[in-house]
Amino acid sequence: MAHLTTLPAWHALHAHFDAVRDRQMRQLFEEDPSRAERYSLSVGGLLLDYSKNRVDDETLRCLFALAAEAGVPARIAAMFAGERINRTEDRAALHVALRNRANTPVLQGGVDVMPAVNAVLDRMARFAHAVRCGDWLGYTGQPVTDIVNIGIGGSDLGPQMVCKALAPFGHPRLRMHFVSNVDGEQLRQTLDRVHPQSTLFVVESKTFTTQETLTNALTAREWFVARSGEPAAVARHFVAVSTNRQAVAAFGIDPDHMFEFWDWVGGRFSLWSAIGLPIMLYLGEAHFAALLEGAHRMDEHFRHAPLDANMPVILAMLGVWYINCYGGGSHVIAPYDQLLERFPAFIQQLDMESNGKSVTADGAPVGVETAPIIWGETGINGQHAFFQLLHQGTHISPIDLIASLRTRSGLAGHHDILLANLLAQAEAFMRGKTEAEARMELTAQGLDEARVAALLPHKVFGGNRPSNLLLLDALTPHNLGSLVALYEHKIFVQGVVWGVNSFDQWGVELGKQLARGILAELRGEAPPGGHDSSTARLIRLIRRVRGGSGA
Ligand SMILES: O=P(O)(O)OC[C@H]1O[C@](O)(CO)[C@@H](O)[C@@H]1O
């Protein structure tokens, strides 16, 4: 594939950018009364309004031409066809097969994966049903009341985000807990809240080699055996989700109590697989199926819609516009929905672990900016914390404002306030406040001219700050499935444009490798060596304070 910067569409885009970079969105809205209608799109229960971006028809034409020249349609087809597009790991990226509700064959090495996908879904459903209806009993004959998920990264963030988002659909007897941090504080606090006789531990790890997860799982098992006095009961209280059957058996969980998935499912794309077991336990089979169906709805749209009417492609190319033309290296995720509290953290891993790369899939320097820094918080809390920077700071940071049109809280008055704030922020980001408008306001307050002049620079809002509005009919399993798939595909498209492999994550390895050596040194099992003077000094300090015991 030709390097991005050699493509004619790349040059056309930058030539266009030079001509329009200072265009004001206010003016674009004034010039075109149909702008909001033309720059909006619905897929199932999701509406995207992208009219408050610094783009016009020509910008979009240039962006879609770039997507076409970068080979986006062919790469979409390759992903759905199960080609080994994750080249550095020599694997397919087939999370779309996990929610292929049409059940059409998806081939891997000549074998259709769908029978295996469906078989695992069936096993998950049988197990979830037994736990939910109280047939699955603990060692004293009690039904499960607490489920503790032990996993990290993709084996934590997806299930946790979905369980929190869809809590109104959760089983009333089940309390969900998520332990990811190897800091013993999180596990200790969780174990303090649960009882061994009615707790089910779900140990989730694609590789089953992740130090944090295995450490937490071992400690949980020790706690369980010490409290219950029933080592044999581990089988009824611990299940595993992994691709690594041998490691699960070596850990001491019966492979009969393991739910499997496959190396062609990336960790951050895995909530649709058996990694979604906590979701199915909490929400039940039908809601889990609706989640998959919502994702499948977005998959079908992504696969078949033309580039210029394709929601993930539109979001991706708007991102490329800001990152590669305006140099905006940050992107905010702001859900106006308490239930989506963990959504920014989930998208952070999805995006930054996928596209935080500086070489192309061929190993050549990528030469352009890639993944933005993803950050965020529930929108309404963000307003009272960091929105100051978004409105008047020196960075340009596009923001996705996400909300549901209907609430389940039963407090409609609260929801009105939430939505009013959402719309107000989007309008404020776009319009800003001119000097003339600010002057008029200050004068109307009866301030003298000296005070007006002193305050004026602080009261002006430059505006012209981009936002996307994503509105869900309601936060249902189906719509959440569509929303997550939307971001997965957006990120994939950006990866294709930049020429990076969105499905590997070699950048996490160096720290893990060094930590193994340092751990042995901290515990006094190996002499400190080969470090820079700062690291060596700190190892000595920690050993001195803790007596070199690791205690
Ligand atoms: O599911 P596993 O194998 O324990 O990995 C957990 C997470 O760790 C990572 O490999 C990063 O270290 C993520 O990609 C992954 O989601």
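Predicted model only: the values in this text are computed from it and were never measured. Every chain is numbered independently, its residues counted from 1 as its sequence is written. Whole-chain, interface and lining totals are the exception, using all residues; otherwise, since this is a predicted model, local features are given only for residues with pLDDT of at least 70 and side-chain atom pairs are given and counted only at 80 or more. Excluded from the side-chain calculations are hydrogens and water; all other atoms, namely the structure's heavy atoms, are used.

S.K.: An account of the layout of surface pockets is needed here, citing residue identities and associated values.
M.R.: Approximately 1000 Å³ is the volume attributed to the largest pocket. Secondary structure follows DSSP: runs of H or I at least 4 residues long count as helices, runs of E at least 2 residues long count as strands, and numbering of each begins at the N terminus. When contributions to the lining of the largest pocket are tallied by element, the ones reaching two or more residues are helix H10 (211-228), helix H16 (343-355) and helix H23 (509-522). Each residue gets one of three labels, nonpolar for Ala, Val, Leu, Ile, Met, Phe, Trp, Tyr, Cys and Pro, charged for Asp, Glu, Lys and Arg, and polar for the others, Gly among them. Counted by class, the lining of the largest pocket contains 11 nonpolar, 17 polar and 11 charged residues. The method works on a 1 Å grid over the protein atoms by themselves. A cavity is a set of points holding a 1.4 Å probe that cannot get out, a pocket is an open set with protein on both sides within 12 Å along at least five of seven lines, and residues with an atom within 4 Å of a point line them. Grid points are joined across faces, edges and corners, and a volume is the space filled by probe spheres set on the points. Looking at the second largest pocket, its volume works out to about 460 Å³. Taken together, 24 residues line the second largest pocket, and the ones lying closest to its centre are Met1, Ala361, Val496, Gly499 and Val500. Tallying contributions element by element places helix H22 (residues 477-498) first for the lining of the second largest pocket, with 5 residues. Residues belonging to the lining of the second largest pocket are distributed by class as follows: 15 nonpolar, 6 polar and 3 charged.

S.K.: Could you give an account of the domain arrangement of the chain, naming the residues involved and the relevant values?
M.R.: Taken domain by domain, the chain holds domain 1 (11-380 + 397-429 + 466-500) and domain 2 (509-548). In this structure, domain 1 and domain 2 have C-alpha centres spaced 36 Å apart. Residue ranges labeled as domains rest on an automatic or database domain assignment.

S.K.: Break down the pairing of strand S5 (residues 146-150) for me, with residues and values.
M.R.: A regular strand carries its side chains on alternate faces of the sheet. Burial runs high along S5: 5 of the 5 residues are buried. Throughout, exposure labels follow a simple rule: accessible area from a 1.4 Å probe, protein chains only, divided by the maximum for the residue type, with under 20% read as buried, over 50% as exposed, and the rest as partly exposed. A two-sided burial pattern is seen for S5, the buried positions comprising Asp146, Val148 and Ile150 on one face and Ile147 and Asn149 on the other. Inspection of the sheet shows S5 paired to strand S7 (residues 199-204) by 5 bridges, in the parallel sense. Paired with Ile150 across the two strands is Val203, which belongs to S7. Pairing between two strands is assigned when DSSP locates at least 2 bridges connecting them.

S.K.: Can you tell me about empty space enclosed by the protein, naming the residues and giving the values?
M.R.: In the structure shown here, the tally under the stated rule is 4 cavities of 30 Å³ or more. The volume enclosed by the largest cavity comes to roughly 70 Å³. Looking at the largest cavity, it is lined by 13 residues, and the ones nearest its centre are Leu315, Leu318, His331, Asp400 and Asn468. For the lining of the largest cavity, the secondary-structure elements that each account for two or more residues are helix H15 (311-326), strand S12 (399-406) and strand S13 (467-474).

S.K.: For the sheet that holds S13, give the residues involved together with the corresponding values.
M.R.: Reading across the sheet, the 6 strands line up as S1-S2-S13-S12-S10-S11 and stay open at both edges, with mixed pairing between neighbours. The sheet is open, and its two edges are formed by strand S1 (40-43) and strand S11 (373-376), each paired on a single side. Adjacent strand axes in the sheet meet at a mean angle of 20° when their direction is disregarded. Taken together, the 7 bridges between S12 and S13 define a ladder with parallel strand orientation. Paired with Asp400 across the bridge in S13 is Asn468. Throughout, a residue-residue contact means that at least one pair of heavy atoms, one from each residue, lies within 4.5 Å. Fitted lines through C-alpha atoms give the axes, limited to the stretch in contact for helices. The angle between two N-to-C directions lies from 0 to 180 degrees. With respect to the sheet, H15 is in contact with S1, strand S2 (46-49) and S13, its orientation differing from that of S2 by roughly 30°.

S.K.: Which residues make up the pattern of salt bridges, and what are the values?
M.R.: A pairing counts as a salt bridge when a side-chain nitrogen of Lys or Arg comes within 4 Å of a carboxyl oxygen of Asp or Glu. Applying the stated criterion to the full structure yields 22 salt bridges. The salt bridge partner of Arg61 is Glu58, with a shortest N-O separation of 2.8 Å. With a gap of 3 residues between them, Arg61 and Glu58 both fall in helix H4 (residues 57-69), about one helical turn apart. For Glu58, a relative accessible area of 35% gives the class partly exposed. For the salt bridge of Arg303 with Glu300, the shortest nitrogen-to-oxygen distance reads 3.9 Å. Placement of the pair is Arg303 and Glu300 together in helix H14 (residues 285-304), with a separation of 3 residues, close to one helical turn. Look at Arg303 and you get partly exposed, because its relative accessible area is 41%. Connected through shared salt-bridge partners, Arg26, Arg431 and Glu437 make up one network.

S.K.: Run through the UniProt feature "active site" (unreviewed entry) in the chain, naming residues and quoting values.
M.R.: UniProt positions are given in the numbering used here, feature names are shortened, and annotations may be inferred rather than shown by experiment. Here, UniProt's "active site" (unreviewed entry) annotation points to Glu353, His384 and Lys512. A maximum C-alpha distance of 36.6 Å among these annotated residues, which run over 160 residues, shows that they spread across the structure rather than meeting at one spot. Lining the largest pocket, from this annotated set, are Glu353 and Lys512. Assignment of secondary structure puts Glu353 in helix H16. Each residue touching Glu353, except ones within four places of it in the same chain, is listed here: Arg268, Gln348, Asp504, Gln505 and Val508.

S.K.: Can you lay out the site of the ligand for me, pointing to particular residues and giving the numbers?
M.R.: Here a residue is considered near a molecule or strand provided that any single heavy atom belonging to it is located within 4 Å of it. Surrounding the ligand, one finds 13 residues, the nearest of these being Gly154, Ser155, Ser205, Thr207 and Thr210. By the criterion applied in these results, polar contacts are pairs of N or O atoms within 3.5 Å in which, for protein atoms, one can donate a hydrogen and the other can accept it, and in which residues neighboring in sequence qualify only through two side-chain atoms. Within the backbone of Gly154, an N or O atom sits 2.7 Å from an oxygen atom of the ligand. The separation between an oxygen atom of the ligand and a polar main-chain atom of Lys206 is 2.7 Å. Working definition of accessibility: Shrake-Rupley area with a 1.4 Å probe, residue cover restricted to the visible protein chains. Considering the ligand on its own, with 390 Å² of exposed area, one finds that the protein chains cover 87% of that surface. More than half of a molecule's atoms lying within 2 Å of a cavity's or pocket's grid points is what places that molecule inside it. Mapping the ligand onto the cavity grids shows that it belongs to the largest pocket. Looking at side-chain class alone, the shell around the ligand contains 2 nonpolar, 8 polar and 3 charged residues.

S.K.: Summarise the confidence of the model for the chain; cite the residues concerned and give the values.
M.R.: Mean pLDDT over the chain works out to 96, with 99% of the residues at or above the 70 mark. In the predicted assembly, ipTM is 0.98 and pTM is 0.97. A residue's pLDDT is the confidence the predictor assigns to it, expressed on a 0 to 100 scale.

S.K.: Describe the pairing of S12, naming the residues involved and giving the relevant values.
M.R.: The buried count for S12 comes to 6 of 8 residues, which makes it a mostly enclosed element. The pairing of strand S10 (residues 330-335) with S12 spans 4 bridges and is parallel. Within S12, the position partnered with Val332 by the bridge is Ile399.

S.K.: Describe the packing of H23 against helix H24 (residues 533-545), naming the residues involved and giving the relevant values.
M.R.: Contact pair H23 / H24: the axes reach a minimum separation of 10 Å and the direction vectors enclose 40°. Between H23 and H24, the interaxial angle falls into the category oblique. Seen along the crossing, H23 lies across H24 with a hand that is right-handed. Two secondary-structure elements touch here, H23 through Ile518, Glu521 and Leu522 and H24 through Thr535, Ile539, Ile542 and Arg543. Looking at side-chain class alone, the contact of H23 with H24 contains 4 nonpolar, 1 polar and 2 charged residues. Note that the term roughly parallel is reserved for angles under 35 degrees, roughly antiparallel for angles over 145, roughly perpendicular for angles of 65 to 115, and oblique for everything else. Helix crossings are classified by the rotation of the near helix relative to the far one: an anticlockwise turn of less than a right angle makes the crossing left-handed, while a clockwise turn makes it right-handed.

S.K.: Report on the packing of helix H1 (residues 8-20) against H15, specifying residues and quantitative values.
M.R.: In contact at an axis separation of 11 Å, H1 and H15 are set at 75° when each is read in the N-to-C sense. As judged from the angle between their axes, H1 and H15 are roughly perpendicular. The segment H1 lies against H15, with Trp10, Leu13, His14, His16, Phe17 and Val20 engaging Trp321, Asn324, Cys325 and Tyr326. The residue makeup of the contact of H1 with H15, split by class, is 7 nonpolar, 3 polar and no charged.

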